[in-house]
Amino acid sequence: MSVPRAHLGGSPMPEGAHAMMNGPVEVTLLTEGTYPYVHGGVSVWCDQLVQGMPDVRFHVLGITGSGREPQVWTLPPQVVSVSSAPLWGRTPGGAAPRGRALRRFLAGYERFLLSLLDADFEHHFADELYELAEFALTGGSLTAALRSEAALRSLQSLWSRPFLATHASRPTMQDALQATDLLEHALRPLAVQPPSRGVAHAVTGGLAVLPGLTARRFHGVPLLLSEHGIYLRERYLSYRTAPYRWPVKALILGFFRLLATEGYRGADLITPCNRYNRRWEERGGCDPARIRTIYNGVDPELFPYAGPEPERPTLSWAGRIDPIKDLETLIRAFALVRTELPDAGMRLFGGVPAGGEAYRAQLDRLTAELGVAGSVTFEGRIDTVRHAYAAGSVVMLSSISEGFPFSLIEAMACGRATVSTDVGGVREAVGDTGLVVPPRDPEAMARAALGLLREPARRAALGSAARERVLDQFTLERTVATFRSLYRALLEQPAAARVRSMEPTLVGCGG
Amino acid sequence: MSATLELLPGLRLSPLPPPLPRPATASGNALPDDPAHEAAVRFGGIAAAAVHPFEVAAAIEADGVTDRQVQRDYGRLDAFELAEELYAETPRDYPEPEPVPSPWNAPLSASLLRGLVYALPGLAFPLGRPILAGPADRGGLPHGTFALATSLLLCWAWNQGLAHRAHVWLGRGGQLSAERCLRRGAMAGALLGTFGALVAGLLAGRHMGDVLIFCAGQSAYMGASCVLLVLGRESALLGALAPAAVGGAAVLVGLVPAIPELSPLLLCTLLLALGQAARALRSCRGGSDAEVDDPVPGLLGSLPHALFGLAMALLTLGTALRGSHVEVVPTVALTLSMGPAEWLLYGYRRRIHHALRTAASSRAFAWRSVHSLMLGLGSYLGILAALAVVLGVTLAGLPMGQQLAGLLLLGATVWTALLLQALGSAWLSAGICAPAAAATLAGVGVATVGGAAAAVLLVVACGTLGRVTVHR
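Residues numbered from 1 in each chain as written. Chains lettered and ligands numbered in written order. Predicted model: local features only at pLDDT ≥ 70, side-chain atom pairs only at ≥ 80, totals over all residues. Heavy atoms only, no water.

## Here we look at the pattern of salt bridges
Next up, step 1: With the rule as written, the count across this model stands at 35 salt bridges over all chains.
Next up, step 2: Of the charged contacts, one joins Arg265 of chain A and Glu262 of chain A as a salt bridge, the two residues approaching to 2.9 Å between their closest N and O atoms. Here the residue Arg265 of chain A and the residue Glu262 of chain A both occupy positions in helix H9 (residues 246-266), the gap between them amounting to 3 residues, near one helical turn.
Next up, step 3: Salt-bridge contacts for Arg42 of chain B lead to Asp63 of chain B; the nearest nitrogen and oxygen are separated by 3.1 Å. Taken together, the positions of Arg42 of chain B in helix H1 (residues 35-49) and Asp63 of chain B in the loop between helix H2 (53-62) and helix H3 (67-74) put the pair 21 residues apart, joining distant regions of the chain. Each member of the pair, Arg42 of chain B together with Asp63 of chain B, is buried.
Next up, step 4: If you follow the salt bridges from partner to partner, you end up with Arg233 and Arg279 of chain A together with Glu61 and Asp67 of chain B in one network. (Salt bridge = Lys/Arg side-chain N within 4 Å of Asp/Glu carboxyl O. Helix = DSSP H or I, 4+ residues; strand = E, 2+ residues; numbered from the N terminus. Buried < 20%, exposed > 50% of the residue type's maximum accessible area, 1.4 Å probe, protein only.)

Take a look at the structure:
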């Protein structure tokens, strides 16, 4: 607050400000916990995008945990810089403001808190968020200010007011400490210098959007937001079992919800990877004219026809061994298949992520309990994923939550029939070239798998239709070309990118 | 699937909550009798604890209910519409998370054990009397007092700083660094203590003789005990102390005379302590190292701890070196009371742990903190007084009179300062105790120094520790 506002030129995005195209397009990818520090999922998508555009200068700004995560991707030369904004790490230094500066800070902070806690004040959220960003970017220590006793007292006296919903849950000082702690870490990305030119491309919702919003606000950089899963939805689910009392949950989830809203409001274009996600985005207040579905794509040359099926009737699965993949349902479904087809087998391909050992052990117990330990094999991480699809007569997907799963379109490209759960963009991906069953329903999944295992001709027909569908709609080339044109369009004239008619049309996706 | 980082290190939230129990009617294909009722049964628990209708919608989706199923089973357009209805119609409920057990539930026995290993080394003095025999020091104090006191003060201060530094490393998971720090630090401390004794002896201008050897042994022992205490090997230290303690006690109660032939017991204890320390350090070497790019903890951060150690040593010795003789009772009482003192510090933190979870305003919390502080201090002074009376009768044969008031004031200073130091106000605590110690050196009475320091410390502690952020 010590530096006048004009310093940052705090005006909203001037249309076409950085439009002139001298030299290559510059794009800053904003990631959280993914590229280039983690394998799989969104990272694969980022890598495809980067590899596919050697003509674009990429910067990567990753929100990380400790800030000491090693890079696990080999970066091509078009990635000219990588920086990270650690959420935990060492506590940033600096002193809290004092005297008048402190009082000014607290007044703004209280309005910010009120916007999180009271629906009538939600519209103040964005302004107060940018005030906090300005404070952090002009030399103030947001961390020190939020950790001060005065900020804590502000929160405690605010959320104990009788007219707020938190009042009834009787917030304690411990709640105030925990909520402040969570909020302080969540706001650390505000202190990162945001990109000042090119396009800011947030590859996930949530905290990665923060530098994108400040870039847009303070430097007029157009913001593109690609959502694979719905960040907010996943935060709601995670915090259901969090070790916090109600007021803490209310505050931090209020923050995530309003951050999502501001992202949807502030982004020049939102590109979900399936139409299913649009529901959340539109509910979150996003203008449908600025939403454009862009499906993930695969390189058909990397995933050619898989060739003959294995002799033994086999179900195969590929992915991370993670609770979100709901492998329990898959194993239970397989146990039901085995009662009808005693010689059937199942092969699960994929590594156990750090911290996932307990889940793996739980699956081992389940297979033993169901008496299928001998016919379910955990194959571990595999370098050539297409072999995983080739290993099955039918490829399975049992996830409880998905965006637009690579494993599914890859299996389809390999010409395999699939059985998958009706989540996220699965129905859009599969269309009528595979079977889709309700999630968490082993009987339905077993029925579908059995049906396919017993009818080789149907399997073959579905498999070739699936490959045709991928070649037609979900090629990597198409995805990359779409993003390249969007980058240019955003730089030249942001408004032009928002064209409703650009929505892809899909046949036979039943949605 | 977006990858999501949790906001705090170590916080692991499951992205997939357990499935909700399904009411029996949901499985059939027939429409339930009352869809609204069934939805309320299935998702009512979630809706009651939810913070927004979106949370209910997320739970509905995550339970595998698609919009088609919502339309078929519940007659609503989609998950959002169903969620909004459920959220509006369900009264809010605030389920409490699993209570977090207080991390300060240390057993009293562990603290008593520590008190014992603080006090038992004192028995080395009766045992070592033959070594320490000689002409009186200046001021009529026993032979070698200056050298012994100087070496003790230096070692005490040094090892306090060293222990803090090693704890900082251990706190960062840097066992290797802690090992290195302790090994080098303990050796340097032993040299420092010996050198200090030599200088003090030379300045006192008396014949040193065996006093220097005793001081060297004492310094080496203190280094070893610092290592063992930091690494939590109190019982090993107690074992090492056994020979000297048993011998010293036997001399003290008059079972055996203090003869030079008993001195090997001291050597035995020293060698045992050194051996155990070496063993403890070796077991550290297999541990992990701190992150390479973590900066080395600043020496300045350990300075107040060393300064505080020095001040404490001076204040304690100050009560012992009164006039021309050494007063044993107050020093022994203070040293023994350090065990219960530690346990009472934990007690304070236990009560604070509870107060944070019950106080609804910062003012209410501040009062709870003051109350808790008074309770801890009162208990400590009670224990100290009891110890002093019992020791006075057994050791000196007469109860403590006026001295008791001075001792209790000093005790109040020590305990409050320890509390402040434990809660991160090391500079504050050192800054108040160091002038008090200097005043003692200058000859101001124990009661005056203790009274003034205790009063200042209490006021400061009530103010500082009433702040919630101190207990973060």
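## Some details on the environment of Trp280 of chain A
Next up, step 1: In this fold, Trp280 of chain A is placed in helix H10 (residues 275-283).
Next up, step 2: Sequence-wise, Trp280 of chain A and Leu232 of chain A are 48 residues apart; in three dimensions their C-alpha atoms are separated by 8.9 Å.

## Remarks on the packing of aromatic side chains
Next up, step 1: This model, assessed by the stated rule, comprises 25 aromatic pairs over all chains.
Next up, step 2: Between Phe112 of chain A and Phe125 of chain A the ring centres are 5.6 Å apart and the planes differ by 25 degrees, which places this aromatic pair in the stacked class. Within this pair, whereas Phe112 of chain A is found in helix H2 (residues 99-117), its partner Phe125 of chain A is found in helix H3 (residues 125-137), the two being separated by 13 residues in sequence. In this pair, the class of Phe112 of chain A matches that of Phe125 of chain A, namely buried.
Next up, step 3: Centroid distance Phe54 of chain B to Phe80 of chain B: 5.9 Å. Interplanar angle 75 degrees. Geometry classified as edge-to-face. Here Phe54 of chain B, found in helix H2, pairs with Phe80 of chain B, found in helix H4 (residues 79-89); they are 26 residues apart in sequence, far enough to count as distant. As far as burial versus exposure is concerned, Phe54 of chain B and Phe80 of chain B are alike and both buried.
Next up, step 4: One aromatic cluster in this structure is built from Phe112, Phe125, Tyr231, Tyr239, Tyr244, Phe255 and Phe256 of chain A.
Next up, step 5: Positioned above the aromatic ring of Phe256 of chain A is the side chain of Arg235 of chain A, whose terminal nitrogen or guanidinium carbon lies 5.8 Å from the ring centre. (Phe/Tyr/Trp six-rings, centres within 6.5 Å; stacked < 30°, edge-to-face > 60°. Lys NZ or Arg CZ within 6 Å of the ring centre and 35° of its normal.)

## Points about the sheet that holds strand E11 (residues 417-421) of chain A
Residues and elements named next belong to chain A.
Next up, step 1: Strands sit in the order E9-E8-E7-E10-E11-E12 across an open sheet of 6 strands; the sheet is parallel. Each edge of the open sheet carries a strand with a single partner, namely strand E9 (376-380) and strand E12 (435-437). When the angles between neighbouring strand axes are averaged without regard to direction, this sheet yields 20 degrees.
Next up, step 2: Inspection of the sheet shows strand E7 (residues 314-318) paired to strand E8 (residues 345-349) by 5 bridges, in the parallel sense. In the sheet register, Thr314 faces E8, and the bridge partner there is Gly345.
Next up, step 3: Sitting on the sheet, helix H16 (residues 442-454) is in contact with E7, strand E10 (394-397), E11 and E12, with an inclination near 175 degrees to E11. (Pairing = 2+ DSSP bridges. Axes fitted to C-alpha atoms, helices over the stretch in contact; angles between N-to-C directions. Contact = heavy atoms within 4.5 Å.)

## What about the interface of chain A and chain B?
Much of the literature gives interface size as the accessible area that the parts lose upon coming together.
Next up, step 1: Facing 77 residues of chain A, the contacting portion of chain B comprises 65 residues.
Next up, step 2: Between chain A and chain B, roughly 6,400 Å² of surface is buried when both sides are summed, and carbon and sulfur atoms account for 59% of that area.
Next up, step 3: It is Arg240, Arg283 and Arg440 of chain A that lose the most area in chain A upon contact with chain B, and together they represent 12% of the buried surface on that side.
Next up, step 4: Across the salt bridge formed by Arg235 of chain A and Glu6 of chain B, the nearest N and O atoms sit 2.9 Å from each other.
Next up, step 5: Counting across the interface, chain A meets chain B through 23 residue pairs in polar contact (both at pLDDT 80 or more). (Buried area = accessible area lost by both parts, 1.4 Å probe. Polar contact = N/O pair within 3.5 Å; in protein donor to acceptor, adjacent residues only side chain to side chain.)

## Structural notes on the environment of Gly378 of chain B
Next up, step 1: Along the chain, Gly378 of chain B turns up in helix H15 (residues 362-396).
Next up, step 2: Sequence separation between Gly378 of chain B and Ala412 of chain B is 34 residues, and the spatial gap between their C-alpha atoms is 8.7 Å.

## Some remarks on unusual backbone geometry
Most of the time, phi is negative for any residue but glycine, and the peptide bond is trans.
Residues and elements named next belong to chain A.
Next up, step 1: The peptide bond linking Tyr35 to Pro36 adopts the cis configuration, its omega dihedral lying at -5 degrees.
Next up, step 2: Looking at the element boundaries, Pro36 is found in the loop between strand E1 (26-32) and helix H1 (42-52).
Next up, step 3: Here the phi dihedral of Arg170 falls at roughly 50 degrees; this positive angle occurs in a residue that is not glycine.
Next up, step 4: Tracing the sequence through the fold places Arg170 in the loop between helix H5 (149-159) and helix H6 (173-186).

## Here's the deal with a nonpolar patch on the surface
Residue and element names in this part refer to chain B.
Next up, step 1: There is a patch of nonpolar side chains on the surface, built from Leu252, Val253, Leu255, Val256, Val328 and Leu395 and spanning about 560 Å² of accessible area.
Next up, step 2: Its place among the elements puts Leu255 in the loop between helix H11 (234-252) and helix H12 (264-284).
Next up, step 3: Taking relative accessible area as the criterion, Leu255 reaches 69% and is therefore assigned exposed. (Patch = residues over 30% accessible without salt bridge, like charges linked within 9 Å, V, L, I, M, F, W, Y side chains within 5 Å. Areas by Shrake-Rupley, 256 points an atom, 1.4 Å probe, with all protein chains shown as cover.)

## Some details on helix H13 (residues 299-320) of chain B
Next up, step 1: Taking 1.5 Å of rise per residue, 22 residues should cover 32 Å, and H13 of chain B covers 31 Å from first to last C-alpha, within 8% of that figure.
Next up, step 2: In terms of residue burial, H13 of chain B counts as a mostly covered element, since 16 of its 22 residues are buried. (Expected span 1.5 Å × (residues − 1).)

## As for the sheet that holds strand E2 (residues 57-64) of chain A
Residues and elements named next belong to chain A.
Next up, step 1: With parallel pairing, 6 strands are arranged side by side in an open sheet as E3-E2-E1-E4-E5-E6. In this open sheet, the two edge strands, each paired with only one partner strand, are strand E3 (79-86) and strand E6 (269-270).
Next up, step 2: Across 4 bridges, E1 lies against strand E4 (residues 199-202) in parallel orientation. Across the sheet, Leu29 pairs through a bridge with His201, a residue of E4.
Next up, step 3: Against the sheet, helix H18 (residues 476-492) makes contact with E1, E2, E4, strand E5 (223-225) and E6, and its axis sits at roughly 135 degrees relative to E4, the strand it touches most.

## Section: the packing of H2 of chain A against H9 of chain A
Residue and element names in this part refer to chain A.
Next up, step 1: Their axes nearest at 8 Å, the elements H2 and H9 cross at an angle of 90 degrees. In terms of their interaxial angle, H2 and H9 are classed as roughly perpendicular. Residue-level inspection shows Phe112, Leu113, Ser115, Leu116 and Leu117 of H2 in contact with H9, the latter providing Leu251, Gly254, Phe255 and Leu258.
Next up, step 2: When the residues that make up the contact of H2 with H9 are grouped by side-chain class, the tally is 7 nonpolar, 2 polar and no charged. (Parallel < 35°, antiparallel > 145°, perpendicular 65-115°, else oblique. Nonpolar A, V, L, I, M, F, W, Y, C, P; charged D, E, K, R; others polar.)

## Describing the pairing of E10 of chain A
Looking along a regular strand, one sees the side chains alternate between the two faces of the sheet.
Residues and elements named next belong to chain A.
Next up, step 1: Here E10 shows no split at all, with Val394 and Met396 on one side and Val395 and Leu397 on the other all buried.
Next up, step 2: Summarising the sheet, E7 and E10 pair through 2 bridges and their orientation is parallel. Across the sheet, the residue bridging to Ser316 is Val395, located in E10.
Next up, step 3: In this fold, E10 hands off to helix H14 (residues 406-413), which returns the chain to E11; that crossover is right-handed. (Right-handed = clockwise from strand over helix to strand, strands pointing away.)

## Some remarks on the pairing of E9 of chain A
Residues and elements named next belong to chain A.
Next up, step 1: Strand direction decides the pairing type here: E8 and E9, joined by 4 bridges, are parallel. Of the residues in E9, the one forming a bridge with Arg347 is Thr377.
Next up, step 2: Crossover connection from E8 via helix H12 (residues 357-370) to parallel E9: handedness right-handed.

## A few points about the side chain of Gln421 of chain B
Residue and element names in this part refer to chain B.
Next up, step 1: If you trace the backbone, Gln421 turns up in helix H16 (residues 403-422).
Next up, step 2: On the basis of relative accessible area, Gln421 is assigned to the buried category, the value being 11%.
Next up, step 3: Every residue in contact with Gln421, bar those within four places of it in the chain, is listed here: His305, Phe308, Ala426 and Ser429.

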